[in-house]
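# Remarks on the overall topology
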Amino acid sequence: MLSCDLCNGEAVIYQRHSNRHLCKKHFIRDFEKRIKYAVNKYKMIEKNDKIAIALSGGKDSVVLAFVLSKLYGKRRDIEFIAITIDEGIEGYRPPTVEIAKNIAKNLEIEHHIVSFKENFGLTLDEMVRIGEKKPCSYCGVFRKYLLNKTARELNATKLATGHNLDDETQTIMLNYIHGDIERLARLIPQRVQEDLILRIKPMREVYEKEVVIYGLLNGLPQDMNECPYSYFPVRAAIRDFLYEFENKYPGRKFSIMRGFENLIPCLKELYPQVKLNKCERCGEPTSKNICQACVLLDELKTKLEC
Ligand code: SF4
Ligand SMILES: [Zn+2]
Ligand SMILES: [Zn+2]
């Protein structure tokens, strides 16, 4: 039995980046410390915030809801609500919607389930059958649209998502590799734009593996099923490369994150924030005249009429 480097109790994890074995108590303490560090660093949670948690019911969002309510749930000046988007993916989404319902109930968080079908008249499965675009192109646009709109209508001040260190560093590297520095600038935390609910990522300083272990140690449900439409070959290659690299040279994901953070002042200068318009059709914020959700819906309606 390997023992904890801090107390000699039984170790549950070897943290490569800190070269320490940690027991359950010290791992949980360390994990939560890094959540608080990220939250404080970017002032993610402030007095009088009403925070909408994007709760898909997948492992990351479940841990996010749990840890936020554990660390900040007792504060009277902060309110949490949860929003689940049901895209309408047969066989995949219904079980996670159930998990989301249960976790919100257990944590006593007001829960709102919003579906593609009710809002756009079509499930994602139907969109995929009718349209020509890749499933994730529809899903990404419509989900972001509904999360933002619902959070705003519920008077939320922030929208918390379950992105972890692995997700963030993959996206940073993906943007470098595509040479898409404008997209890289979109990752700058805490950029305020009218009608866009400020997004916060409290788990940006913890590894995906740690999220899984934290969930297991706290007896949280872990849905490991993958979306049937998931197809990200370049991201998967970057994920595998970073995994190997991190294994050989522990802590490099933190270096990637710190490198990106050092670039933020330059990125802000290169890409100052533009004032958003209101979509001429639906009134939601967009950089164009008509938002991407309305454009995609028009395309789908035209296909339906053919
Ligand atoms: S993988 Fe599935 S859930 Fe994720 S964006 Fe694509 S279609 Fe949506
Ligand atoms: Zn210990
Ligand atoms: Zn629109």
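Since the model is a prediction, treat every value here as computed from it, not as a measurement.

### Brief notes about helix 2 (residues 59–72)
In an α-helix there are 3.6 residues to a turn, and that puts residues three or four apart on one side. A rise of 1.5 Å per residue sets the reference length of helix 2, with its 14 residues, at 20 Å; its end C-alpha atoms lie 20 Å apart and thus fit the reference within 8%. By the criterion of burial, helix 2 is predominantly enclosed, with 12 of the 14 residues buried. Buried within helix 2 are the following residues: Lys-59, Asp-60, Ser-61, Val-62, Val-63, Leu-64, Ala-65, Phe-66, Val-67, Leu-68, Ser-69 and Tyr-72.

### With respect to the sheet that holds strand 5 (residues 110–115)
With respect to topology, 5 strands assemble into an open sheet ordered 5-4-3-6-7, the strand pairing being parallel. Each edge of the open sheet carries a strand with a single partner, namely strand 5 and strand 7 (198–200). When the angles between neighbouring strand axes are averaged without regard to direction, this sheet yields 30°. The pairing of strand 3 (residues 50–54) with strand 6 (residues 158–160) spans 3 bridges and is classified as parallel. Residue Ile-51 lies in a different strand from strand 6, and its bridge partner there is Lys-158.

### A short note on the environment of Ile-177
Tracing the chain through its elements places Ile-177 in helix 7 (residues 165–178). A relative accessible area of 54% means that Ile-177 is categorised as exposed. It is 9.4 Å that separates the C-alpha atoms of Ile-177 and Ile-238, two residues lying 61 residues apart in sequence.

### What to know about the coordination of the zinc ion (ligand 3)
Four donors placed tetrahedrally about a metal ideally form angles of 109.5 degrees, and six donors placed octahedrally ideally form angles of 90 or 180 degrees. Listed as protein donors to the zinc ion (ligand 3) are Cys-279 (SG), Cys-282 (SG), Cys-291 (SG) and Cys-294 (SG); their distances from the metal cover 2.2 to 2.4 Å. One can describe the site at the zinc ion (ligand 3) as tetrahedral: its 4 donor atoms subtend angles covering 106 to 113° at the metal.

### Here's the deal with the site of ligand 1
Taken together, Leu-124, Cys-136, Cys-139, Arg-143, Cys-227, Tyr-229, Ser-230 and Phe-232 make up the full set of residues near ligand 1. Class assignment of the residues belonging to the shell around ligand 1 gives a composition of 6 nonpolar, 1 polar and 1 charged.

### Brief notes about the coordination of the zinc ion (ligand 2)
Here the zinc ion (ligand 2) is held by Cys-4 (SG), Cys-7 (SG), Cys-23 (SG) and His-26 (ND1), and the distances to it run 2.1 to 2.3 Å. Around the zinc ion (ligand 2) sit 4 donor atoms; with metal-centred angles ranging over 100 to 114°, the donor geometry is tetrahedral. Donor residues for the zinc ion (ligand 2) sit on one chain with the sequence pattern C-x2-C-x15-C-x2-H. With a relative accessible area of 2%, Cys-4 lands in the buried category. A relative accessible area of 37% places Cys-7 in the partly exposed class.

### Digging into the pairing of strand 1 (residues 11–15)
On a regular strand, each side chain points to the face opposite its neighbour's, so the side chains alternate between the two faces of the sheet. Pairing of strand 1 with strand 2 (residues 20–23), which is carried by 4 bridges, proceeds in the antiparallel orientation. Across the sheet, Tyr-14 pairs through a bridge with His-21, a residue of strand 2. Counted between consecutive antiparallel strands, the loop separating strand 1 from strand 2 contains 4 residues, among which Asn-19 sits at a positive phi close to 55°.

### Some points on the domain arrangement of the protein
Assigned domains of the protein: these are domain 1 (31–273) and domain 2 (274–306). Each partner contributes residues to the interface: domain 1 has 21 residues there, and domain 2 has 16 residues. If you look at where domain 1 meets domain 2, you find 5 salt bridges. Here Glu-132 and Lys-303 are joined by a salt bridge, their closest N and O atoms 2.5 Å apart. Counting the contacts that link domain 1 with domain 2 gives 7 residue pairs in polar contact (both at pLDDT 80 or more). Counting residues per element, the ones that place at least two in the side of domain 1 that touches domain 2 are helix 5 (124–130) and helix 6 (135–153). Top contributing element to the side of domain 1 that touches domain 2 by residue count: helix 6, with 8 residues. Of the residues contributing to the side of domain 1 that touches domain 2, the split by class is 10 nonpolar, 5 polar and 6 charged.

### A word on the nonpolar core
Residues Phe-31, Ile-45 and Phe-80 are the most contacted members of the largest nonpolar core, which totals 57 residues. Per-element tally for this core: the top contributor is helix 2, with 8 residues. Apart from residues no more than four positions distant in its own chain, Phe-80 is found in contact with Ile-45, Ile-51, Ile-53, Leu-68, Tyr-72, Gly-73, Ile-109 and Glu-110. Counting residues in each nonpolar core, the second largest holds 32 residues, with Ile-85, Met-127, Leu-147 and Leu-296 among its members.

Thresholds, definitions, all that
- Residues numbered from 1 in each chain as written.
- Chains lettered and ligands numbered in written order.
- Predicted model: local features only at pLDDT ≥ 70, side-chain atom pairs only at ≥ 80, totals over all residues.
- Heavy atoms only, no water.
- Helix = DSSP H or I, 4+ residues; strand = E, 2+ residues; numbered from the N terminus.
- Expected span 1.5 Å × (residues − 1).
- Buried < 20%, exposed > 50% of the residue type's maximum accessible area, 1.4 Å probe, protein only.
- Pairing = 2+ DSSP bridges.
- Axes fitted to C-alpha atoms, helices over the stretch in contact; angles between N-to-C directions.
- Donors = N, O, S within 2.8 Å, 3.2 Å for Na, K, Ca; no water.
- Tetrahedral: all angles 85-135°; square planar, octahedral: opposite > 155°, others 65-115°.
- Near = heavy atom within 4 Å.
- Nonpolar A, V, L, I, M, F, W, Y, C, P; charged D, E, K, R; others polar.
- Domains from an automatic or database assignment.
- Contact = heavy atoms within 4.5 Å.
- Salt bridge = Lys/Arg side-chain N within 4 Å of Asp/Glu carboxyl O.
- Polar contact = N/O pair within 3.5 Å; in protein donor to acceptor, adjacent residues only side chain to side chain.
- Core = buried A, V, L, I, M, F, W, Y, C linked by side-chain atoms within 4.5 Å.

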